Amino acid sequence: MTSDHPHEKSGILLAGGAYAIWGVVPLYWQFLVSVPPFEITVHRVFWCALFCTAVMFGRGRFGAVLAIARAPRMLAALALSSVLISVNWTVFIYSVSSHQLVDSALGYYLTPLVSIVLGVTVLGEKISPMRIAAIGLASVAVAIQAANVGHLPWIAPVLALTFGFYGYVRKLTPVDSLDGLTVETVLLFPLTAVLIGFWAMRGTGAFPSPHWNIDALLIFAGPLTAVPLSMFAAGARRVRLTTLGFLQYVSPTITLLVATLLLHETFTLADALTFAFVWSGIALLSLEGRFRREAVVEPVEL
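Read on for an overview of the structure. (Residues numbered from 1 in each chain as written. Predicted model: local features only at pLDDT ≥ 70, side-chain atom pairs only at ≥ 80, totals over all residues. Heavy atoms only, no water.)

Side note on the state of the cysteines
Okay, so step 1: Considering all chains together, one arrives at 0 disulfides under this definition.
Okay, so step 2: In this structure C48 is not part of a disulfide, and its nearest cysteine sulfur, from C52, lies 3.9 Å away.
Okay, so step 3: Look at C52 and you get buried, because its relative accessible area is 1%. (Disulfide = S-S within 2.5 Å. Buried < 20%, exposed > 50% of the residue type's maximum accessible area, 1.4 Å probe, protein only.)

Regarding the packing of helix α7 (residues 155–171) against helix α9 (residues 212–236)
Okay, so step 1: One way to put it is that α7 packs onto α9 with a least axis distance of 9 Å and a crossing angle of 60 degrees. On the basis of their axis angle, the class for α7 and α9 is oblique. For the element pair α7 and α9, the recorded crossing hand is right-handed. Residues F163, Y166, G167, R170 and K171 of α7 pack against L229, F232, A233 and A236 of α9. (Axes fitted to C-alpha atoms, helices over the stretch in contact; angles between N-to-C directions. Helix = DSSP H or I, 4+ residues; strand = E, 2+ residues; numbered from the N terminus. Parallel < 35°, antiparallel > 145°, perpendicular 65-115°, else oblique. Left-handed = near helix turned anticlockwise from the far one by under 90°. Contact = heavy atoms within 4.5 Å.)

Topic: the pattern of salt bridges
Side-chain pairs of opposite charge can arise where the charged atoms are in close proximity.
Okay, so step 1: Going through the model one piece at a time under the given rule, you end up with 4 salt bridges.
Okay, so step 2: A salt bridge links R59 to D179; the nearest nitrogen and oxygen atoms lie 3.6 Å apart. You can see R59 sitting in helix α2 (residues 37–59) and its partner D179 sitting in helix α8 (residues 177–202), a full 120 residues away along the chain.
Okay, so step 3: Judged by its relative accessible area of 38%, R59 is partly exposed.
Okay, so step 4: Judged by relative accessible area, D179 falls into the buried class, the value being 1%. (Salt bridge = Lys/Arg side-chain N within 4 Å of Asp/Glu carboxyl O.)

Looking at a nonpolar patch on the surface
Okay, so step 1: Residues F57, F62 and L66 make up a contiguous nonpolar surface patch of roughly 290 Å² in combined accessible area.
Okay, so step 2: In this fold, F57 is placed in helix α2. (Patch = residues over 30% accessible without salt bridge, like charges linked within 9 Å, V, L, I, M, F, W, Y side chains within 5 Å. Areas by Shrake-Rupley, 256 points an atom, 1.4 Å probe, with all protein chains shown as cover.)

So, the side chain of T255
Okay, so step 1: With respect to the element layout, T255 can be found in helix α11 (residues 250–262).
Okay, so step 2: Judged by its relative accessible area of 3%, T255 falls in the buried class.
Okay, so step 3: Excluding residues within four positions of it along the chain, T255 makes contact with W22, G23, P26 and L101.

Structural notes on the packing of aromatic side chains
Two descriptors summarise a pair of aromatic rings, namely the distance from one centre to the other and the angle between the planes of the rings.
Okay, so step 1: Summed over the entire model, instances satisfying the criterion amount to 12 aromatic pairs.
Okay, so step 2: Centre to centre, the rings of Y19 and W22 are 5.6 Å apart; their planes meet at 65 degrees, and the pair counts as edge-to-face. Separated by 3 residues within a single helix, Y19 and W22 lie in helix α1 (residues 8–29), roughly one turn from each other. A single burial state applies to Y19 and to W22, both of which are buried.
Okay, so step 3: Through successive ring pairs, a cluster of aromatic residues spans Y19, W22, F163 and Y166.
Okay, so step 4: Between the NZ or CZ atom of R44 and the centre of the ring of W89, over which it lies, the distance is 4.4 Å. (Phe/Tyr/Trp six-rings, centres within 6.5 Å; stacked < 30°, edge-to-face > 60°. Lys NZ or Arg CZ within 6 Å of the ring centre and 35° of its normal.)

With respect to the packing of α2 against helix α4 (residues 72–97)
Okay, so step 1: Put simply, α2 and α4 touch, their axes get as near as 8 Å, and they point 135 degrees apart. Regarding the angle of α2 to α4, the classification is oblique. Helix-helix and strand crossings are classified by hand; for α2 and α4 the assignment is right-handed. Note on element contacts: α4 touches α2 through S86, W89, T90, I93, Y94 and S97, opposite P37, F38, I40, T41, R44 and V45.
Okay, so step 2: Of the residues contributing to the contact of α2 with α4, the split by class is 7 nonpolar, 4 polar and 1 charged. (Nonpolar A, V, L, I, M, F, W, Y, C, P; charged D, E, K, R; others polar.)

Observations regarding the nonpolar core
Okay, so step 1: Core analysis: the largest hydrophobic core is formed by 71 residues, its most contacted members being Y19, W29, L32, F92, F163 and F232.
Okay, so step 2: By residue number, the principal contributor to this core is helix α5 (residues 101–121), which donates 10 residues.
Okay, so step 3: Grouped together as the second largest cluster of nonpolar side chains are 6 residues, V65, I68, L78 and V175 included. (Core = buried A, V, L, I, M, F, W, Y, C linked by side-chain atoms within 4.5 Å.)

Quick word on the environment of L66
Okay, so step 1: Within the fold, L66 resides in helix α3 (residues 62–69).
Okay, so step 2: You can call L66 partly exposed: its relative accessible area is 31%.
Okay, so step 3: Distance in space between the C-alpha atoms of L66 and V183 is 9.1 Å, their sequence separation being 117 residues.

So this is what it looks like as structure tokens:
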């Protein structure tokens, strides 16, 4: 039988790996709490653009990237995705520096619901009864977490909407994952270069810093940004958007574990219930895939 998504297994590994990295990344940003969130985002884009450009020439992809730059519709889509991911980065780093990781985790719990809704309503992806049940469990998990914090903070919906739509735009943009990221960051490179230079001349920026470790952390933010984001973009094009939606629970789950086990934040009963409902939904999704494969009976040639 021919699947509509023949590369879904590799897509799950790529996207799942990206989410795992993003789950532990808050530990990295803890070392940069003295740097304003917007300035960190500027450096992420700047150093990511340089890193991606170097990799592009190393892969011999200059012609492919130039072709993207000459395609107005593709360039417009990547310009939109670059703005979406930049806003997402800034808000997330703000949540880390302001000790609101629970709010950011809630936002990434909401993101899969955005992806699933987009997959069903915009892309016309079919949804089975098991997936509907899994969405119901995920919705309960989100409701529990929202009740736990007492409100729906602005951080959560902004993170959910920006990353949900980012995944949607990148899924519909037929470009190599690293080529697309190169274009996204290069489009913003002139602005980030001007800002970094302006802050340096006025002496108000974090770079260059009298402490070499701050400079090193800001520079390494480039490849740290590029690698999981290119993995995510590659995975997003290989899986159904509804499947991508459930994979997105990996990141906030790891983030909550990091917050409780490593940063010693309180693990409440509501957190435990949230995990239970989230992973129950993921279990249903896994069972659905297994039952679908077992239901396929291949003809036997005699």
